[in-house]
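What follows is each chain in one-letter form.
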There are 2 protein chains.
Amino acid sequence: MTWALELRETQRDSQIVGGPDAASILSERAAGLVAAGRRLFVITDRNVMGLWGSEVIGALGDLAGSSAVRVVPPGETSKSVATAEACWQWMASVGARRDGTVIALGGGVIGDLAGFVAATYLRGLELWQVPTTLLAQVDSSVGGKVGVNLPAGKNLVGAFYQADLVVIDPSFLSTLSERELANGLGEVVKYALLAEDDLLEVLESGTEAICGRSEEMLSSVVRRCVELKTEVVVADETEHGPRAVLNLGHTTAHALENALGYGEIGHGAAVGLGLLVALAVSERKCGAPQALRTRLARLMERLGLPSRLPLPATERLIEAARRDKKISSRGSGFVLLEDRGRPVFDIDVTPLEFAEALEVIRA
Amino acid sequence: MTWALELRETQRDSQIVGGPDAASILSERAAGLVAAGRRLFVITDRNVMGLWGSEVIGALGDLAGSSAVRVVPPGETSKSVATAEACWQWMASVGARRDGTVIALGGGVIGDLAGFVAATYLRGLELWQVPTTLLAQVDSSVGGKVGVNLPAGKNLVGAFYQADLVVIDPSFLSTLSERELANGLGEVVKYALLAEDDLLEVLESGTEAICGRSEEMLSSVVRRCVELKTEVVVADETEHGPRAVLNLGHTTAHALENALGYGEIGHGAAVGLGLLVALAVSERKCGAPQALRTRLARLMERLGLPSRLPLPATERLIEAARRDKKISSRGSGFVLLEDRGRPVFDIDVTPLEFAEALEVIRA
């Protein structure tokens, strides 16, 4: 049940360990550090602290009288310069040194925030990611993107900083809300399109097990997603080119989130819909088979992700997509698919082509 | 007169160009970027802007209608999270993208601040360092250490981020105050002790030319210091070991600055005195020849650096040195010298040994 991956060709080596017993993995690894006189600094949020704090921190704390914990408010607002600064000052106040280890225990916000704090405190400490949401397990905890938001846009300040250790435990997923599970499933479905192997078939045959939170099924799916992501990251760590394929579906997703409001549509739903739009454009421009889109829509519905939505005016979505491209500085191009497992990136898509493709998801 | 060095074994490649005509080097390099549709973002301070702004920014601005300039207040207080945040927000407001280039025009504060902004905005932009002080030219602009201070201590937040281009122009040195020149000379004398070649003799025979601001002499000395620094940095970019030798003299220097107040003693004077203390300890513990310390003291006096000072109580200096070690997390050891060009690091020095060595600089 336990699996492991190593990233060795990135700026910093990274080890990813998956399995149903994060606490014991952490206990073992923490014991090594603490025996060497090193200290652990956990950054988490109030929700995760309530659900998992005693178990995870207990696993560290039995070993480490010197470990310290910082609990920040849950939610995107904690991914800010102000919260990072509070964490830096906390690190100073508890006397963190260069041989300290930061442990990010939580979802994507915590991983990005604590990862940025670890990347920059004393010019970089050891970092362990312990992702507790499906989205963080398949996406944000792996690949080294860390950072915070500015009022002007998301993720404008940050670094590429691989975690020394990522511990991916499916048992955390048992406490996720339906919406949080769906947020991760949007990314999982994206990987199924990018993958050359049979991940799509695995999802199709495993829908019930996934929705029933089978640890075995979730662990196997997460492992495949992480393997795929690490391949892409190793090929292009700092996103000068091919790493862009991981943004498949995301231009439309960000436009939907922006135009509808982040509270109104979940990230997973937005990414799923964005994938359908990307496929519709791909049919016109890259010869992607229409059957793939039909098949994907059916899978999404079975996973609880919408395949159609009442949309705002097309003009607003076009404008939001343009702004997202501009702010994210990912170039002007879309990621499209020639077919399953054959992404192409930086493709020019006209407003008219985008508008036509949006119709396939309009309810 | 023009010289160039390349760092290729660091996380990011770096090119260092020295010569008496920074403006033309910058013009040429900027032209290439601007022709490719890329933009330049200059961060500088009010003093440097007044002295060199029109010349340097003119060299860029003739080419680049799209370049933008941010002027921050001069002095150490600008090396803060608040100023970094203001710079990040400025980058967003002027629409910087991932293909933008940050130009740090100024002394060490500007280099550290703008370097940190470049390292973190959109997870890292191209960075050019244009150091305008002797201290920045021989020390902070080279080697990739960037960052800001927290109230709890200096340089607590930052990154290792090599500049893509460093342009070192001796003509900037003509407008330095005596104190600013001395701040750099403290580091220059340090390199003379670390060097295996004849830098010490060059300084001894060139004292008058240096104090007379001979561009040729200063350029030659800066070049030797930078060559030595890059060798050390390539061997240990992220300071896990041997890079510590660059801290020769600095534990005592920081203790003096701390105990006397940063306004009361210049960094160059403090480093020079710190070198004499390190040599005195080295005589006891590593067999360094006393003649070297006598020779160094004579050179320092001729360069306008004090070799003795009325000192505060020894206990205060011991306490300040202990605190510096603790905050800087450099381990508990001193850097000492077995002889010229033969540094050893991470050596335990007792408070008594330190106290005895302090007597050699007490006036």
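Only a predicted model underlies this, so the values are computations on that prediction, with no experimental measurement involved. (Residues numbered from 1 in each chain as written. Chains lettered and ligands numbered in written order. Predicted model: local features only at pLDDT ≥ 70, side-chain atom pairs only at ≥ 80, totals over all residues. Heavy atoms only, no water.)

## Quick notes on the overall build of chain A
So, step 1. Along the backbone of chain A there are 14 helices and 11 strands.
So, step 2. The C-alpha atoms of chain A give a radius of gyration of 20 Å, which matches the 21 Å a tight globule of 363 residues would have.
So, step 3. When the backbone C-alpha atoms are referred to their principal axes, chain A occupies close to 60 × 40 × 35 Å.
So, step 4. For chain A, the residues scored as buried account for 61% of the 363 residues in total.
So, step 5. The long-range share in chain A, meaning contacts at least 24 apart out of those at least 6 apart in sequence, stands at 76%.
So, step 6. Here chain A displays about 13400 Å² of accessible surface, and carbon together with sulfur accounts for 49% of that area. (Helix = DSSP H or I, 4+ residues; strand = E, 2+ residues; numbered from the N terminus. Rg over C-alpha atoms; globule rule 2.2 N^0.38 Å. Buried < 20%, exposed > 50% of the residue type's maximum accessible area, 1.4 Å probe, protein only. Contact = heavy atoms within 4.5 Å. Areas by Shrake-Rupley, 256 points an atom, 1.4 Å probe, with all protein chains shown as cover.)

## Observations regarding the relation of the copies chain B and chain A
So, step 1. Relative to chain A, chain B is turned by 180° and slid 0.0 Å along the rotation axis, the superposed coordinates differing by an RMSD of 0.0 Å. Expressed as a symmetry operation, the mapping of one chain copy onto the other fits a two-fold axis. The C-alpha atom lying nearest the rotation axis in chain B is that of Q11 of chain B; the distance is 3.4 Å.
So, step 2. Of all interface residues in chain B, 100% are interface residues in chain A too; the two copies therefore contact each other through one and the same surface. (Least-squares fit on C-alpha atoms with pLDDT ≥ 70 in both.)

## Considering the sheet that holds strand 5 (residues 101-106) of chain A
By definition, the strands of a sheet pair up through backbone hydrogen bonds, in either a parallel or an antiparallel sense.
Residue and element names in this part refer to chain A.
So, step 1. The strand order 1-2-9-6-5-3-4 describes an open sheet built from seven strands, whose pairing is mixed. Edge positions in the sheet fall to strand 1 (3-7) and strand 4 (68-72), since each of these pairs with one other strand and no more. Between one strand axis and the next, the sheet turns through 15° on average, direction left out of account.
So, step 2. Strand direction decides the pairing type here: strand 3 (residues 40-45) and strand 5, joined by five bridges, are parallel. Bridged to V42 within strand 5 is I103.
So, step 3. The sheet strands contacting helix 3 (residues 81-93) are strand 3, strand 4 and strand 5, and the helix crosses strand 4 at an angle near 165°. (Pairing = 2+ DSSP bridges. Axes fitted to C-alpha atoms, helices over the stretch in contact; angles between N-to-C directions.)

## Brief notes about the interface of chain B and chain A
So, step 1. Between chain B and chain A, the residue contacts involve 33 residues of the former and 33 residues of the latter.
So, step 2. At the boundary of chain B with chain A, total buried surface from both sides reaches about 2900 Å², with 56% on carbon and sulfur atoms.
So, step 3. Counting across the interface, chain B meets chain A through two salt bridges.
So, step 4. The shortest N-O distance in the salt bridge between E239 of chain B and R98 of chain A comes to 3.6 Å.
So, step 5. Scanning the region where chain B abuts chain A turns up 10 residue pairs in polar contact (both at pLDDT 80 or more).
So, step 6. Put simply, the parts of the chain that give the side of chain B that touches chain A at least two residues each are helix 3 (81-93), helix 4 (108-120), strand 7 (145-150), strand 8 (153-160) and helix 13 (314-328) of chain B. (Buried area = accessible area lost by both parts, 1.4 Å probe. Salt bridge = Lys/Arg side-chain N within 4 Å of Asp/Glu carboxyl O. Polar contact = N/O pair within 3.5 Å; in protein donor to acceptor, adjacent residues only side chain to side chain.)

## A short note on the pairing of strand 6 (residues 126-131) of chain B
Residues and elements named next belong to chain B.
So, step 1. Strand 6 sits mainly inside the fold: six of its six residues count as buried.
So, step 2. When strand 5 (residues 101-106) meets strand 6, the two strands line up parallel, connected through six bridges. In the sheet register, I103 faces strand 6, and the bridge partner there is W128.
So, step 3. Assessed by its sense of winding, the connection that carries the chain from strand 5 through helix 4 to strand 6 is right-handed.
So, step 4. Of the pairings in the sheet, the one linking strand 6 to strand 9 (residues 165-168) comprises two bridges and is parallel in character. The partner of Q129 across the bridge, within strand 9, is V166. (Right-handed = clockwise from strand over helix to strand, strands pointing away.)

## Details of helix 3 of chain A
All names here are of chain A.
So, step 1. The terminal C-alpha atoms of helix 3 lie 18 Å apart, and with 13 residues this matches the ideal 18 Å at 1.5 Å per residue to within 8%.
So, step 2. Considered for burial, the residues of helix 3 that qualify are V81, T83, A84, C87, W88, W90, M91 and A92.
So, step 3. One or two residues past the end of helix 3 sits G95, with phi positive at roughly 75°. (Expected span 1.5 Å × (residues − 1).)

## Some remarks on the sheet that holds strand 2 (residues 14-18) of chain B
Residues and elements named next belong to chain B.
So, step 1. Read from one edge to the other, the open sheet built from seven strands follows the order 1-2-9-6-5-3-4, with strand pairing classed as mixed. Lying at the two open borders of the sheet, with one neighbouring strand each, are strand 1 (3-7) and strand 4 (68-72). Each adjacent strand pair in this sheet contributes to an overall mean axis angle of 15°, direction not counted.
So, step 2. The strands that helix 9 (residues 215-235) touches are strand 1, strand 2 and strand 9; relative to strand 1, the one it contacts most, it runs at about 10°.

## Some thoughts on empty space enclosed by the protein
All names here are of chain B.
So, step 1. Evaluated as defined, the whole model comprises six cavities of 30 Å³ or more.
So, step 2. By volume, the largest cavity amounts to about 50 Å³.
So, step 3. As for the largest cavity, its lining consists of N247, L248, G249, H250, T251, T252, G274, V277, A278, F334 and V335.
So, step 4. Of all the secondary-structure elements, those providing two or more residues to the lining of the largest cavity are helix 10 (250-260), helix 11 (267-286) and strand 10 (334-339).
So, step 5. Each residue belonging to the lining of the largest cavity can be placed in one class, and the counts come to five nonpolar, six polar and no charged. (1 Å grid on protein atoms, 1.4 Å probe; cavity = no way out; pocket = protein on both sides within 12 Å on 5 of 7 lines; lining within 4 Å. Points joined across faces, edges and corners; volume = space filled by probe spheres on them. Nonpolar A, V, L, I, M, F, W, Y, C, P; charged D, E, K, R; others polar.)

## Overview of the nonpolar core
So, step 1. Y121 of chain A together with Y121 of chain B are the most contacted members of the largest nonpolar core, which has 222 residues in total.
So, step 2. If sequence neighbours within four positions are ignored, Y121 of chain A has contacts with W88, M91, A92 and A96 of chain A together with L150 and L156 of chain B. (Core = buried A, V, L, I, M, F, W, Y, C linked by side-chain atoms within 4.5 Å.)

## Considering the pairing of strand 3 (residues 40-45) of chain B
Looking along a regular strand, one sees side chains alternate from face to face of the sheet.
All names here are of chain B.
So, step 1. Among the six residues in strand 3, six count as buried, and that is most of the element.
So, step 2. Because side chains alternate across strand 3, one face comprises the buried residues L40, V42 and T44, and the other comprises F41, I43 and D45, equally buried.
So, step 3. Alignment of strand 3 against strand 4, held across five bridges, turns out to be parallel. From the neighbouring strand, D45 faces strand 4, where its bridge partner is V72.

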